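Residues per chain are reported as follows:
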Protein chains: 2
Amino acid sequence: MSITAPQGFIAAAGAAGIKPSGKSDLALVVNTGPHHHAAATFTRNKIVASPVKLTRRHIADGSLSAVLYNSGNANACNGAQGDHDAAESATLVAAELGCEVSDVAVCSTGLIGEPLPMDKLRAAIPGVAGGLGPHGAAAAEAILTTDTVAKEVLVDGDGFLLGGMGKGVGMMAPSLATMLVCLTTDAVASPHALNQALLKAVGVTFNTLDIDGSTSTNDTVIILASGASGVMPEQEELDRVVLAACENLAAQMQADAEGVTKRVTITVEGARTDADALNAARVLGRDNLFKCAMFGSDPNWGRVLAAIGMAEAELDPDGIDVYFNDEAVCLGSAGTPNARSVDLSGTDIAVRVNLGTGGAGTAVVRTTDLSHAYVEINSAYSS
Amino acid sequence: MSITAPQGFIAAAGAAGIKPSGKSDLALVVNTGPHHHAAATFTRNKIVASPVKLTRRHIADGSLSAVLYNSGNANACNGAQGDHDAAESATLVAAELGCEVSDVAVCSTGLIGEPLPMDKLRAAIPGVAGGLGPHGAAAAEAILTTDTVAKEVLVDGDGFLLGGMGKGVGMMAPSLATMLVCLTTDAVASPHALNQALLKAVGVTFNTLDIDGSTSTNDTVIILASGASGVMPEQEELDRVVLAACENLAAQMQADAEGVTKRVTITVEGARTDADALNAARVLGRDNLFKCAMFGSDPNWGRVLAAIGMAEAELDPDGIDVYFNDEAVCLGSAGTPNARSVDLSGTDIAVRVNLGTGGAGTAVVRTTDLSHAYVEINSAYSS
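Residues numbered from 1 in each chain as written. Chains lettered and ligands numbered in written order. Predicted model: local features only at pLDDT ≥ 70, side-chain atom pairs only at ≥ 80, totals over all residues. Heavy atoms only, no water.

## What about the overall build of chain A?
In step 1: What chain A contains, in helices and strands, is ten helices and 16 strands.
In step 2: Rg of the C-alpha trace for chain A: 22 Å, near the compact-globule value of 21 Å for 383 residues, within the 12% margin.
In step 3: C-alpha extents for chain A along the principal axes are approximately 70 × 50 × 35 Å.
In step 4: When burial is assessed residue by residue, chain A has 61% of its 383 residues classed as buried.
In step 5: Taking the contacts inside chain A whose residues are at least 6 apart along the sequence as the reference set, 80% of them involve residues at least 24 apart.
In step 6: Summed over its atoms, the accessible surface of chain A is roughly 12,500 Å², and 52% of this surface lies on carbon and sulfur atoms. (Helix = DSSP H or I, 4+ residues; strand = E, 2+ residues; numbered from the N terminus. Rg over C-alpha atoms; globule rule 2.2 N^0.38 Å. Buried < 20%, exposed > 50% of the residue type's maximum accessible area, 1.4 Å probe, protein only. Contact = heavy atoms within 4.5 Å. Areas by Shrake-Rupley, 256 points an atom, 1.4 Å probe, with all protein chains shown as cover.)

Encoded structure:
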């Protein structure tokens, strides 16, 4: 179960010494063809890391042969030197593989603002390239930062396979930048078809996994298609498989989010539009008071209303319903008799909010609680 | 130094038993005239507490004789019963004072979604009204919830005085709703003049004190003018005095914010507009990763850039400067050699960010760190 399960993909990993721990920190994923189709989505942050700038350019023609991943250093906010280092990394890989530099993507994750140790990459890349094989699992390990477990997925398509790996402890990580995903498939699929499937899936998976509203400088989701199965799925089938893989990886990220003790699924309905519902769900998912209440297993629905009331969404101030784990705690913006006794002691909490507009707009956002461990991870150990 | 220092104001406080602790939880502020001019600003939340709805109506004519405060219960999200209880509270006060019901404002702060214990208010209001005198300090104590100290201010105007009291541990409090301020002055000032001074001052004080972006259902700032000094200040002088009082109370709130170990002042400059600068400063002030870094005294400027990059503000991605305590840690979006060694161990931290647009837009936001104590206060003890 990994990115090397689909036909046409090999991978390798190694320890270049970027991570002080000596753990593996370099991964190479290669598409051996016959097709080299690709699509990607990137962070919405205005400040983007050098590898994001490079990969955006290299994927513009819909073609990629390889992706080099490094963890331990984001190569973000390093000025012209960062751009130069990203380009040299791609050049080193292209030389090893005998492909065009413009067919190599680069993804980095780790501390922002530290120059990439190019001497270590120069020394390590040939060895990693020499070890290419069915080593998807090793690659999935090498891209981790504060993640505690590797995140892999394999989905069966109709006559083809789609594998994936990801890293990211929520949509954010402490001074570590952050969510990277690589999907591989042996389906025959054009860059346009891949792009369409990816955008649809990302919109309802990674883009609704909102741990604290922080968005990194490095987020990159890439899909590579080798066509080696010889099977060209209908767009609908491709969409289904890509969505299944993204849903699975997003759930793994939510479960491994920093300091998480609760997984909270927020459903907003009764909104005028889906966009209104999404805005309200995001505002609630980012509200620290609400997140602290979830940590305390506290059915404090007043915090839900206080947060929702600040959303840029049409709502009926006197007509909001709130359910915790499907029990009504607030109806028509007033508490129910047993609201305070709802049991939220379990790990998974479902919060459902109806904005009372009578509209059909709805959205789901996945978030976590705000715990002592989150504060600890993001303060005590960060530098 | 209190709201009863200006001529024409008396106050009283008492323990109605709304707070389980038995501490004082009821305060009455009365303007004995000769003028009864007033102005107010309220929460921007779409979900507003019953006392906010009532006070908005009663202050519409620019006139108030008294404000009744209770702590321990927000009277928010209680439906029609909440509206009825707020109205009855005002009626009880008017009967004691012999004034119009429509000249009584009501402010509540405390738990959302619990009915106001009207039997306790009915029993306590006559006693409180009977004890009216120069008891501003007692009133300032009675409005507190999770605040650890009372917050009072007295500003000398040119021939008149302005007193104030406030409560609020940041712009938010745990299931407690939240920021209330009462300003009193013996200046001769029209409701229009008061409103103008208040809006100007609130915009650059309370509205830029942003502990976590949470906005309560009850926030109310009221200013009352008795005219008893006989002095009518120029608008400019009134503005100055109101601003000084609001600045002072806002600083007291920041210092007492929940779980605070650091007071962080964020200045954004080099923005295209002041609005852009304010947006960027707010986004940074609400970023949990940045706030955790402040808690850890960690000069992690990468988090500043990652947060600023998500602001709805024009910026130069390659031209951002960041200063911690006036030391440059990032110039042109790249780290300075000594960036990681800047000392942030003190209680006050100044963060200055230049967005690099060359514009003159600037803004200041005051925030705090995100500490273990914040999580503790807002999870373990909330219900």
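There's plenty left to go through after this.
## A few points about the domain arrangement of chain A
In step 1: Each assigned domain of chain A is listed with its residue range as follows: domain 1 (9-256) and domain 2 (263-378).
In step 2: Each of domain 1 of chain A and domain 2 of chain A has a C-alpha centre, and the two are 33 Å apart. (Domains from an automatic or database assignment.)

## Let's talk about unusual backbone geometry
Keep in mind that most residues, glycine aside, have a negative phi and that most peptide bonds are trans.
In step 1: Looking along the chain, the bond that leaves Gly-33 of chain A and enters Pro-34 of chain A is cis, with omega of 15°.
In step 2: Counting through the fold element by element, Pro-34 of chain A comes out in the loop between β2 (26-31) and β3 (37-42).
In step 3: Phi at Asn-325 of chain B is positive, roughly 45°, even though this residue is not glycine.
In step 4: Tracing the sequence through the fold places Asn-325 of chain B in the loop between β12 (321-324) and β13 (327-331).
In step 5: Classification of Asn-325 of chain B by relative accessible area gives partly exposed; the value is 29%.
In step 6: At Asp-326 of chain B, a residue that is not glycine, the phi angle is positive and equals roughly 70°.

## A look at the side chain of Ser-333 of chain B
In step 1: Checked against the element boundaries, Ser-333 of chain B lands in the loop between β13 and β14 (334-335).
In step 2: For Ser-333 of chain B, a relative accessible area of 4% translates into the label buried.
In step 3: Here Gly-319 of chain B takes part through its backbone nitrogen, which lies 3.3 Å from a polar atom of the side chain of Ser-333 of chain B.
In step 4: Beyond its immediate stretch of four places on either side in the chain, Ser-333 of chain B contacts Cys-77 and Asn-78 of chain A together with Trp-301, Leu-305, Asp-316, Pro-317, Asp-318, Gly-319 and Ile-320 of chain B. (Polar contact = N/O pair within 3.5 Å; in protein donor to acceptor, adjacent residues only side chain to side chain.)

## Thoughts on the UniProt feature "binding site: substrate" (unreviewed entry) in chain A
Residues and elements named next belong to chain A.
In step 1: Feature annotation in UniProt places "binding site: substrate" (unreviewed entry) on Thr-145, Lys-167, Thr-178, Glu-258, Asn-378 and Ser-383, given in this structure's numbering.
In step 2: Given a relative accessible area of 0%, Lys-167 falls into the buried group.
In step 3: Discounting residues that sit within four places of it in the chain, Lys-167 has contacts with Thr-109, Ile-143, Leu-144, Thr-145, Asp-147, Thr-178, Met-179, Leu-180 and Met-253.
In step 4: At 2.7 Å, the side chain of Lys-167 forms a polar contact with the side chain of Thr-109.
In step 5: Looking at where Glu-258 falls in the secondary structure, it is placed in the loop between α6 (235-255) and β11 (263-271).
In step 6: On the basis of relative accessibility, which here comes to 3%, the residue Glu-258 falls in the buried class. (UniProt positions renumbered as here; feature names shortened; annotations may be inferred.)

## Comments concerning the relation of the copies chain A and chain B
In step 1: Least-squares fitting of chain A to chain B yields an RMSD of 0.0 Å, with the superposition described by an axial translation of 0.0 Å and a rotation of 180°. Each copy turns onto its partner about a two-fold axis. In terms of C-alpha distance to the rotation axis, chain A has His-372 of chain A as its closest residue, with the C-alpha 2.8 Å off the axis. (Least-squares fit on C-alpha atoms with pLDDT ≥ 70 in both.)

## Side note on the pattern of salt bridges
Opposite charge on two side chains permits them to pair, given that their charged atoms come into close proximity.
All names here are of chain A.
In step 1: Under the counting rule described, the total for this entry stands at 24 salt bridges over all chains.
In step 2: With its nearest N and O atoms 2.7 Å apart, the salt bridge here joins Lys-151 to Asp-147.
In step 3: Exposure remark for Lys-151: the relative accessible area of 0% places this residue in the buried category.
In step 4: Between Glu-314 and Arg-272 there is a salt bridge whose closest N-O contact spans 3.0 Å. Separated by 42 residues along the polypeptide, Glu-314 in the loop between α9 (301-308) and β12 (321-324) and Arg-272 in the loop between β11 and α7 (274-285) bring together distant segments of the chain.
In step 5: Look at Arg-272 and you get partly exposed, because its relative accessible area is 44%. (Salt bridge = Lys/Arg side-chain N within 4 Å of Asp/Glu carboxyl O.)

## A closer look at the sheet that holds strand β16 (residues 361-368) of chain B
Backbone-to-backbone hydrogen bonds join strands into a sheet, with any given pair of strands oriented parallel or antiparallel.
All names here are of chain B.
In step 1: Spatial strand order, β14-β13-β12-β15-β11-β16: six strands in an open sheet with mixed pairing. Both edges of this open sheet fall to β14 and β16, since each of them pairs with a single strand only.
In step 2: The strands touched by helix α7 (residues 274-285) within the sheet are β11 (263-271), β15 (348-354) and β16, with β16 carrying the most contacts at an inclination of about 20°. (Pairing = 2+ DSSP bridges. Axes fitted to C-alpha atoms, helices over the stretch in contact; angles between N-to-C directions.)

## Side note on the interface of chain A and chain B
In step 1: Of the residues lining the interface, 57 residues belong to chain A; the matching set on chain B comes to 57 residues.
In step 2: Here chain A and chain B share an interface that buries about 4,300 Å² over both sides, 56% of which is from carbon and sulfur atoms.
In step 3: Notably, a salt bridge pairs Lys-53 of chain A with Asp-318 of chain B, separated by 3.7 Å at the nearest N-O pair.
In step 4: Here chain A and chain B share 15 residue pairs in polar contact (both at pLDDT 80 or more) between them.
In step 5: Of all elements in the fold, only α8 (288-295), α9, β14 (334-335) and α10 (372-379) of chain A reach the threshold of two or more residues within the side of chain A that touches chain B.
In step 6: The dominant element in the side of chain A that touches chain B, judged by the number of residues it contributes, is α10 of chain A, at six residues.
In step 7: For the side of chain A that touches chain B, the residue count by class is 24 nonpolar, 21 polar and twelve charged. (Buried area = accessible area lost by both parts, 1.4 Å probe. Nonpolar A, V, L, I, M, F, W, Y, C, P; charged D, E, K, R; others polar.)

## Things to note about the packing of aromatic side chains
Two aromatic rings, taken as a pair, are described by how far apart their centres are and by the angle between their planes.
In step 1: Throughout the structure, instances matching the rule amount to zero aromatic pairs over all chains.
In step 2: The ring of Tyr-323 of chain A carries the charged tip of Arg-352 of chain A above its face, separated from the ring centre by 4.2 Å. (Phe/Tyr/Trp six-rings, centres within 6.5 Å; stacked < 30°, edge-to-face > 60°. Lys NZ or Arg CZ within 6 Å of the ring centre and 35° of its normal.)

## Observations concerning the environment of Ala-90 of chain B
Residues and elements named next belong to chain B.
In step 1: Here Ala-90 is to be found in helix α2 (residues 79-97).
In step 2: Put simply, Ala-90 and Val-67 are 23 residues apart on the chain and 8.5 Å apart in space, counted from C-alpha to C-alpha.
In step 3: If sequence neighbours within four positions are ignored, Ala-90 has contacts with Leu-54, His-58, Val-101, Val-104 and Val-106.

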